[in-house]
Structure formats: C-alpha cells, structure tokens
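Below are the chains, spelled out letter by letter.
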Amino acid sequence: MADTASLRARGAAFWAGAAAGWIRHADRQDEAGRPLGAAATDRLAARPGERILDVGSGCGGTTAEIAAAVGVTGAAIGVDIDEAMVAAARRRFPTDDYPGIQFHVADIETLDVVPGAPFDAAYSRMTLMLLADPTAGCRAIRRSLRPGGRLAATVFRDSGVNPWLSAAMLGAAPHLGPLPPLPVGDEPGPFAFADPARLVRILTTAGFTAVTVTPCDVALETPDDADAVAEWLVEVGPAGAPYRAAAPSARASARAGAARLLRRFRAPGVGYRLPTGLWLVAANSAGADNPTATHPQPRQDETR
C-alpha cells in the first residue's frame, strides 16, 4: 500500500482529471444521485438558523440543499479539494440566490479547522471513503464542530452490493487508454469502508462519540437512455479522463461497452435502476481541542 503522501497526491491528480466530467453531469448527479445522501440528510435534520459544513461538496448541489434547509439566518459551507468543481459550485449557486452559502477549496485532511467554524453539524455524501488519511480528515471535521455538534454521512459498503460501479468501468476500459491506478485494500476508493469496524475505529480515534454505522439500501433511477446513462457513469468514474481524451470512435465503443454491462439494470421503456448499498454514519462531537475555535452558547430558541 502506498504511503499517505503518495495517496494524497494521487487523489488530487485524479480529481483534477475527473472534474470536467463531474461538472458536465452536475445536474444529473444532483438528481439521480440524491438517494446516495438522502439517509444522511434525514439524519442530519438541518434546522433554520444552523451553521452546517458540507464535506466533499463537489459541484455544490448538496450544499445548496442544506442552504435551503437552514434558511437566510443559517449558513451552509461547502469544502472540496478540486478548484474547478468549487468554481462550478459558485456559478451554479450564487450567494444572491442562496444567502449564507459559501464554498472553499481545501483538503479536509490538512486543515486545522474549516473556515467558518464552529458548526452545528457536518454532512458528507460519499466522501469520507476517498480520504488518504481519513483519521486526519475526520479529526478536522470534529474540531470544526461545536461541542455536541453532529455528523451525518454516507459511504459505499462493499462491491457485492454495488455491482453497477464496476460494470461501467469494465465495459468502457478495453476501448480507452490506461486508467488511473485502482485502489488496493484500504486505499481511498469506493470500498475503503467495506468493513464498518474500520469506520468506527477511525471516527472514534478522531474524537467522535456515539458512533453508529447502519446499512442502508437504495436505488439510483434514471430515464431509459442507454447512451446517456453509460456516458454519465463512465465520465464520473476512473475511466472519465481517458474517455475524454479518446477519439470519438473510441468513446462510442466505450459507451457501448458500458451499456452492454449495465443492461441487466435496465427495464426497457422504463429506465435504469441501480441497486446501491451504503453505510449511514452518525456521530457526535464531544468537544473541540482547537483553542482557535470559539463556540457560542445555543440560542434560547434552540432545542437540542
């Protein structure tokens, strides 16, 4: 297994190459990908006036949903490692339309506390599994919360309950150039937290309390458009950058190959239903160990 610095550099390079696909498909990610974070959104139960951190905010859709929930008296702060996606988020969700929303380019693993701390809660959709040093990242999240603050997040379980993830890549790969290195063992990637005990250990080591990890089964549903669905899943996965660099004929073959392996998830005339197995993660912050983070007292109308 590579060292943390190498994994972090590999991750930054991957997202720099993948960003164009995520930006292109941002609307589809927001709509079709909503079930990926719905359980965490429900668990978060954001309230008007709260300050909430969104870790791995990408192109901003999840942060915008949080901003709508906390209202004009609250704040939704999105943090993501990729500058291009943060720029896209700012374009898609300007502060004129979303008061209290902010986006920052930052690596959560290397922060002491997140700008704007302390927060009442933190949310993350499918990001914790991608951290090179998840303990450092979770510790920064915990330090950024007020005492008693809450965390709600989702990550994938194992590959067996997420069969469509590999299908798109395997179908496209033979028609494209070399792909980025795929994760091995516990390296950052979709199945880094296949073992929930590892997730509990990391959060506990990071200082969280009342940690729970609960299985959650959802499905992503899309219209019946084989070419569009194949391109979406190829572009936001590890084959995305090679796909965009390929000749038009190779891209067409990659889409056809992905569509062929995704066919079992398709109901002709109805659409695609992609079965997805998640862990719903919840935890509390017992307190902060960073003296620079001040923690105001709860408002009198707050109910905790």
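Each chain carries its own residue numbering, running from 1 in the direction its sequence is written. Where local features are concerned, this predicted model is filtered to residues with pLDDT of at least 70; where side-chain atom pairs are given and counted, the filter is 80 or more; whole-chain, interface and lining totals use all residues. The side-chain numbers reported here are obtained from all heavy atoms of the structure, hydrogens and water having been left aside.

**Q** How should the confidence of the model for the chain be read in this particular structure?
**A** When pLDDT is low, close inspection of the predicted coordinates is not appropriate. By definition, pLDDT measures how confident the predictor is in each residue, and it falls between 0 and 100. Taken residue by residue, the chain gives an average pLDDT of 92. The fraction at 70 or more is 94%. Contacts are assigned to residue pairs with any non-hydrogen atoms lying within 4.5 Å of each other. Between residues 290–304, whose pLDDT stays under 50, and residues either more than four places distant or in other chains, the model counts 23 contacts.

**Q** Would you explain the pairing of strand β8 (residues 271–285) in this entry?
**A** As a general feature of sheets, a regular strand has side chains that alternate between the two faces. Within β8, 12 of the 15 residues are buried, which leaves it mostly tucked inside the rest of the structure. Note: two strands are recorded as paired if DSSP finds a minimum of 2 bridges between them. Put simply, DSSP marks the helices as runs of H or I at least four residues long and the strands as runs of E at least two long, and each gets a number from the N terminus on. With 7 bridges connecting them, strand β5 (residues 145–156) and β8 associate as antiparallel partners. Looking across to β8, one finds that A152 is bridged to A282. Taken together, the 13 bridges between strand β6 (residues 208–222) and β8 define a ladder with antiparallel strand orientation. Across the sheet, residue E221 finds its bridge partner in β8, namely R273. Hairpin geometry of strand β7 (residues 266–267) and β8 is characterised by an intervening segment of 3 residues between the two adjacent antiparallel strands and by a positive phi of about 80 degrees at G269. Only protein chains enter the area calculation, which uses a 1.4 Å probe; residues under 20% of their type maximum are buried, those over 50% are exposed, and those in between are partly exposed.

**Q** Explanation requested: helix α4 (residues 61–70) in the structure shown.
**A** Count 3.6 residues to each turn of an α-helix, and residues three or four apart come out pointing the same way. Counting buried residues in α4 gives 7 out of 10 residues, a clear majority hidden from the surface. Listed in full, the buried residues belonging to α4 are G61, T62, T63, A64, I66, A67 and V70. Positive phi shows up at G71, right after α4, with a value of about 75 degrees.

**Q** Can you walk me through the packing of helix α7 (residues 163–172) against helix α11 (residues 248–262) in this structure?
**A** When two helices pack together, their arrangement is given by the angle between their axes and by how far apart the axes lie. Look at α7 against α11: their axes get within 7 Å of each other, and the N-to-C directions meet at 145 degrees. Note on packing geometry: the crossing formed by α7 with α11 is right-handed. Facing α7, whose interface residues are W164, A167, A168, L170, G171 and A172, α11 presents A254, G257, A258, L261 and L262. We call Asp, Glu, Lys and Arg charged. Ala, Val, Leu, Ile, Met, Phe, Trp, Tyr, Cys and Pro are nonpolar, and the rest, Gly among them, are polar. Grouping the constituent residues of the contact of α7 with α11 by class yields 9 nonpolar, 2 polar and no charged. Axis geometry follows a simple rule: fit a line to the C-alpha atoms, using only the stretch in contact for helices, then measure angles between N-to-C directions, giving values from 0 to 180 degrees. Left-handed is the label given to a crossing in which the near helix is rotated counterclockwise from the far helix by less than a right angle, and right-handed is the label when the rotation is clockwise.

**Q** I'm lost on the packing of helix α9 (residues 226–235) against α11 in this one. Help?
**A** Between α9 and α11, the shortest axis-to-axis distance is 8 Å and the interhelical angle comes to 100 degrees. One element, α9, and the other, α11, form an angle in the roughly perpendicular class. Residues A226, D227, A230, E231, L233 and V234 of α9 form the contact with α11, whose own contacting residues are R255, A258, A259 and L262. Per-class residue counts for the contact of α9 with α11 are 7 nonpolar, no polar and 3 charged. Should an angle fall under 35 degrees it is taken as roughly parallel, and over 145 as roughly antiparallel, whereas 65 to 115 is taken as roughly perpendicular and any remaining angle as oblique.

**Q** What am I meant to see in the side chain of T62 here?
**A** If you trace the backbone, T62 turns up in helix α4. Among all residues touching T62, those that are not within four sequence positions of it are D54, S57, Y123 and R125.

**Q** Even after reading the chapter, I still don't get the pattern of salt bridges, so can you show me in this structure?
**A** Any two side chains of opposite charge can pair, given that their charged atoms come close. Salt bridge, as applied in this entry: a Lys or Arg side-chain nitrogen positioned within 4 Å of an Asp or Glu carboxyl oxygen. In the structure shown here, the tally under the stated rule is 20 salt bridges. Of the charged contacts, one joins E65 and R34 as a salt bridge, the two residues approaching to 2.8 Å between their closest N and O atoms. With E65 in helix α4 and R34 in the loop between α2 (26–32) and α3 (35–44), the pair connects residues that are 31 residues apart, well separated along the chain. For R244, the salt bridge goes to E235, with nearest N and O atoms at 2.8 Å.

**Q** Would you explain the packing of aromatic side chains in this entry?
**A** Given two aromatic rings, their pairing is described by the distance between the two centres and the angle made by the two planes. To pair, rings of Phe, Tyr and Trp, with the six-membered ring standing in for Trp, must have centres within 6.5 Å; the planes then decide the type, stacked if under 30 degrees apart, edge-to-face if over 60, and tilted in the middle. A complete count under the given rule lists 5 aromatic pairs for this structure. Both rings, one in F156 and one in W164, keep their centres 6.4 Å apart while their planes meet at 75 degrees; by these two values the pair is edge-to-face. Here F156 matches W164 in class, with each residue buried. Grouping aromatic residues by their ring pairs yields a cluster made of F14, W15 and W22. Across the ring face of W279, the terminal group of R157 is positioned such that the distance to the ring centre comes to 5.5 Å. Two limits define a charge over a ring: the Lys NZ or Arg CZ must be within 6 Å of the ring centre, and within 35 degrees of the ring normal.

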